[in-house]
Amino acid sequence: MQTVVSQTSPPKKSFLYDPKVRGIFYQVLLIAIVGYLFYMAATNAAENLQRAKIASGFGFLNNTAGFDISQALIPFSAAGSTYGDAFVVGLLNTLIVSAIGIFFTTILGFIIGIARLSKNWMVAKVAMIYVETLRNIPLLVQLLFWYIAVLGPLPQPRNSLEMGAGFFLNSRGLFMARPIFAPDAWMLPAVLLIGLVGAFLYRRWAKTQQERTGRQSPVGLVTLGLVLGLPILTWIVLALVGANPISFEVPRKGTFNLTGGMQILPEFVALLLGLTTYTAAFIAEVVRAGILAVSKGQTEAAGSLGLKPGQTLRLVVIPQAMRVIIPPLTSQYLNLTKNSSLAVAIGYPDLVQVFMGTVLNQTGQAIEVVVITMGVYLTISLVTSALMNIYNRRVAIVER
Amino acid sequence: MSTAVDMPRFVRAQQVEALPPPNLARGPVAWVRENLFSGPFNTLLTLVVFYLLYISVPPLAKFLVIDAVWSGSDRAACRADMGGSETGACWAFIWEKLNYFTYGSYTVSERWRVDIFFALLAVGVGWLLWLKAPRRDLGAVYFFWLFPVASYILLTGGNADFSGGFWLGFLIFGALLIAVFALMAAILKTSLRPALIVGGGIVGFIGITLALMDMDFGLQHVPTSLWGGVLVTLLVATVGIVFSLPFGILLALGRRSKLPIVRMASVIFIEFVRGVPLITVLIMANTMLPLFLPGDITVDRLLRPLIGTALFSSAYMAEVVRGGLQAMPKGQYEGAMSLGLNYPQMMILIILPQALRIVIPGIVNTFIGLFKDTSLVAIVGIFDVVKTIEASRIDPNWAAPTIGLTGYAFAALFYFIFCFGMSRYSLGVERRLAAGQKR
């Protein structure tokens, strides 16, 4: 008996076999290596910066920029603006090209994605060729191609093409009338907001009404009237009173150049075209996969309930497909935003071109500039994925 | 009364031969009716697509093939004012510059070395991608060790010329490492031999690699500033994959680890890299890498974007591998543990072979992305395919209006062939793997 007991008692073993001890050891080792790397990098950087006589810190943001930017959404001048202003201009340019690109690429992507599933052989094949071609050629090559293709045939400014309604086209871009807002113009967005809120409330009321009584209300018409009609009515009334909220400044043709008006750079057009067509190919695949993910039984069940094909699509297929589509769609939007940094190749003044290019070269403060620029993109990404996670949690199928 | 037999028959005894289906239900006409003109909306769609094709395909074919200039030795062939034609692509330009687009400014007499590099690369890729190839484990050793070392020697000329102090340092480091292993064996009271074999193996492996790089093979040194074109594009892509796959696996394992600090470090690295555009990483590598190193060490201009792309793609690779790890049923882990395997054995012998197999399509897709992204190194001044085209475009000898579009058409064709081929391969593997799952 005695011997048996002594055998079952745990054998003595080294503490190095303890998984906890090993875990702590590996983590300490990792911290030590990473910490050492960071320490080395920091001391070397400090030494190198001192030797090259480069200042550090974020004070340079208040220095005068001394260069011009071809497209600025806020007032910007070489003499009066700072590097901080240049940063804001670049950021706004990135955001505007991304926002417009996302708008158009969504439309194009959905059209092509649905076209790939079309029963029409021709339509499906053309959509497939579009997707395969655009996805397999680097965006950079496409951008350079668009830039030449867009810029090439355009005439010199003195021979600008006149397209009527204040539109001019030449190698410096598309010129058009610029809206000038009168002091009373704030009323328009205010009225638009009222219209939106009204439409939202009306929709809710119509829905409960239908659920209670079965009566349907003309939701579409009322929404249209509230959102579009109300601001237009306000505009007309204001104009009649004599306080026209928006007037237009039409570009005038000079001897060498056009003056006044608003200018859209050819670089902007090329970047927008490239980003839109390229991302649309990816979105098309996302949309196709999403629609295919809704099982056929859903469509058949909807049909057996007596829903019309249009209603089946709107009420049964699309809501379920969207659950699958939206997460990868968001990551495509993020990709588009990140890819807009390729603007640097064709000279569109986006964040990377202005800040990581010109400002970095002028100040030499690589660390600060890189940290700020990466921080911007990182913030956009992380905020978007945080929103995405919230959305996913809301739409996730609740299983028992 | 007559019997049934005598009665006249009203029913045929033999079957009549079936009539052929009406002409409108089969054949090309029926197919067209069914697939293109089955309703007013469908007809309209078909007509719209036909119109789109009509306005896009003939001009494209005219530019690329029909009106194209196929031969010529300088700009005269592609300029209308010098007797040439400028309505079509100037393929003569591509033909003339093809060597430049392939090798960059690589020393002409040494270009056979680049050709061998291409051949070695093709062998390695074929070995790993052909699922039925013999000894794919040896293929992995070849592709991740022998091939990189051989390429380094071939392309640069080898003869790295390490100093005596470097070798002394390496010897001290090696002796220390072996001593640590021996010490561990002593504390754990296990036999000394395996510890010495493992420690000596690691030191010997690194030593052989360094010795090979140091050895003088009598090859002429070719500085990286001369490299260019397809060579650099393939090089960046290859370094990306050779580095990103092992590092990506480590990151993925780190992200799935139970140790909180390891997990956090992996997550931070992966999410940080995936959250920023590649071009910012490249500019960072270009401007900040020299800052972070001691003043007397300079990093080769070509090496900087190589490090940038390698780090960038390993974050994406890590996410692909993580997908494979998560797809492994828990029973595989539990089975491995119940056999008494430790963590490295479990991962190397049981989990990773299966997990990597199911993510081959994902890895290839990441690689397609990486291959397309290599074009971005042109922005930081590395002479890859795009940059060599950009540089040739402004060659006064070839100043003609169609040169730019021709160059980009060539680049598009080059990338398309590679990427399309890889995507077909990945689809094929996907189908094969799916076939194994079917019952």
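Residues numbered from 1 in each chain as written. Chains lettered and ligands numbered in written order. Predicted model: local features only at pLDDT ≥ 70, side-chain atom pairs only at ≥ 80, totals over all residues.

> How should the overall build of chain B be read in this particular structure?
Counting secondary structure elements, chain B contains 16 helices and zero strands. In terms of C-alpha radius of gyration, chain B reaches 31 Å, well past the compact-globule figure of 22 Å for 439 residues. The long-range fraction of contacts in chain B, counting pairs at least 24 apart against all pairs at least 6 apart in sequence, stands at 67%. (Helix = DSSP H or I, 4+ residues; strand = E, 2+ residues; numbered from the N terminus. Rg over C-alpha atoms; globule rule 2.2 N^0.38 Å. Contact = placed C-beta atoms within 7 Å.)

> Before we go on, may I ask you to explain the overall build of chain A in this structure?
Tallying secondary structure elements over chain A gives 13 helices and eight strands in all. Here the C-alpha radius of gyration of chain A, 30 Å, is well above what a compact globule of 400 residues would show, namely 21 Å. Once the C-alpha set of chain A is aligned to its principal axes, its extents read approximately 110 × 75 × 45 Å. Residues counted as buried form 27% of the 400 residues belonging to chain A. Within chain A, contacts between residues separated by at least 24 positions form 66% of all contacts whose residues are at least 6 apart in sequence. (Buried ≥ 20, exposed ≤ 12 C-beta atoms within 10 Å, placed from the backbone.)

> Can you walk me through helix α6 (residues 187-213) of chain A in this structure?
Since the α-helix packs 3.6 residues into each turn, any two residues three or four apart lie on the same face. The first and last C-alpha atoms of α6(A) sit 38 Å apart over 27 residues, in line with the 39 Å expected at 1.5 Å per residue. Downstream of α6(A) by a residue or two, A:Gly214 has a phi angle that is positive, lying close to 85°. (Expected span 1.5 Å × (residues − 1).)

> For this particular structure, what's the right way to read the domain arrangement of chain A?
Interface size is commonly expressed as the accessible area that is lost once the parts come together. Split by domain assignment, chain A resolves into domain 1 (17-53) and domain 2 (54-156 + 267-400). Averaged C-alpha coordinates put domain 1 of chain A and domain 2 of chain A at centres separated by 37 Å. (Domains from an automatic or database assignment.)

> Is there a simple way to explain the nonpolar core in this structure?
Soluble globular proteins tend to bury their nonpolar side chains together. One finds A:Leu140, A:Leu143 and A:Leu271 to be the most contacted residues of the largest nonpolar core, which totals 143 residues. In terms of residue count, the dominant contributor to this core is helix α8 (residues 266-293) of chain A (13 residues). Not counting the four nearest positions on each side in its chain, A:Leu140 is found in contact with A:Leu342, A:Ala345, B:Ser375, B:Leu376, B:Ala378 and B:Val386. (Core = buried A, V, L, I, M, F, W, Y, C linked by C-beta atoms within 7 Å.)

> In this structure, what is going on with the interface of chain A and chain B? I would like to understand it.
Taken together, the 48 residues of chain A in the interface contact 44 residues of chain B. Put simply, the parts of the chain that give the side of chain A that touches chain B at least two residues each are α2 (19-52), α4 (121-135), α5 (139-151), α10 (309-339), α11 (343-346), α12 (351-363) and α13 (366-395) of chain A. The leading source of residues in the side of chain A that touches chain B is α2(A), at 13 residues. Of the residues contributing to the side of chain A that touches chain B, the split by class is 32 nonpolar, 12 polar and four charged. (Nonpolar A, V, L, I, M, F, W, Y, C, P; charged D, E, K, R; others polar.)

> I'm lost on the environment of B:Thr309 in this one. Help?
Residues and elements named next belong to chain B. Checked against the element boundaries, Thr 309 lands in helix α11 (residues 303-327). The spatial distance from the C-alpha of Thr 309 to the C-alpha of Val 239 is 8.6 Å, given a sequence separation of 70 residues. Apart from residues lying up to four places away in sequence, Thr 309 is in contact with Val 236, Gly 240, Leu 370, Asp 373 and Thr 374.

> Please clarify how the pairing of strand β2 (residues 167-170) of chain A should be interpreted in this entry.
Within a regular beta strand, the side chains point alternately toward one face of the sheet and then the other, so they alternate between its two faces. Bridge analysis of β2(A) against strand β3 (residues 173-176) of chain A gives three bridges, and the strand direction is antiparallel. Counted as the bridge partner of A:Leu169 is A:Leu174 from β3(A). (Pairing = 2+ DSSP bridges.)

> What's the story with the environment of B:Trp227 in this structure? I'm lost.
Residue and element names in this part refer to chain B. Of note, Trp 227 is situated in the loop between α7 (192-214) and α8 (230-255). Taking C-alpha positions, Trp 227 is 12 Å from Leu 303, a pair spaced 76 residues apart along the chain. Among residues more than four places away in sequence, those in contact with Trp 227 are Gly 104, Tyr 106, Val 232 and Leu 302.

> Mind showing me how you'd approach the packing of α11(B) against helix α14 (residues 360-373) of chain B here?
What describes two packed helices is the angle between their axes and the distance between those same axes. Residues and elements named next belong to chain B. Direction vectors running N to C along α11 and α14 enclose 160°, while the axes themselves pass 9 Å from each other. On the basis of the axis angle, α11 is roughly antiparallel to α14. As α11 packs across α14, the resulting crossing turns out to be right-handed. Contact residues: Thr 309, Ser 313, Tyr 316, Met 317, Val 320 and Gly 323 in α11; Gly 362, Ile 363, Thr 366, Gly 369, Leu 370 and Asp 373 in α14. In terms of residue class, the contact of α11 with α14 is built from five nonpolar, six polar and one charged. (Axes fitted to C-alpha atoms, helices over the stretch in contact; angles between N-to-C directions. Parallel < 35°, antiparallel > 145°, perpendicular 65-115°, else oblique. Left-handed = near helix turned anticlockwise from the far one by under 90°.)

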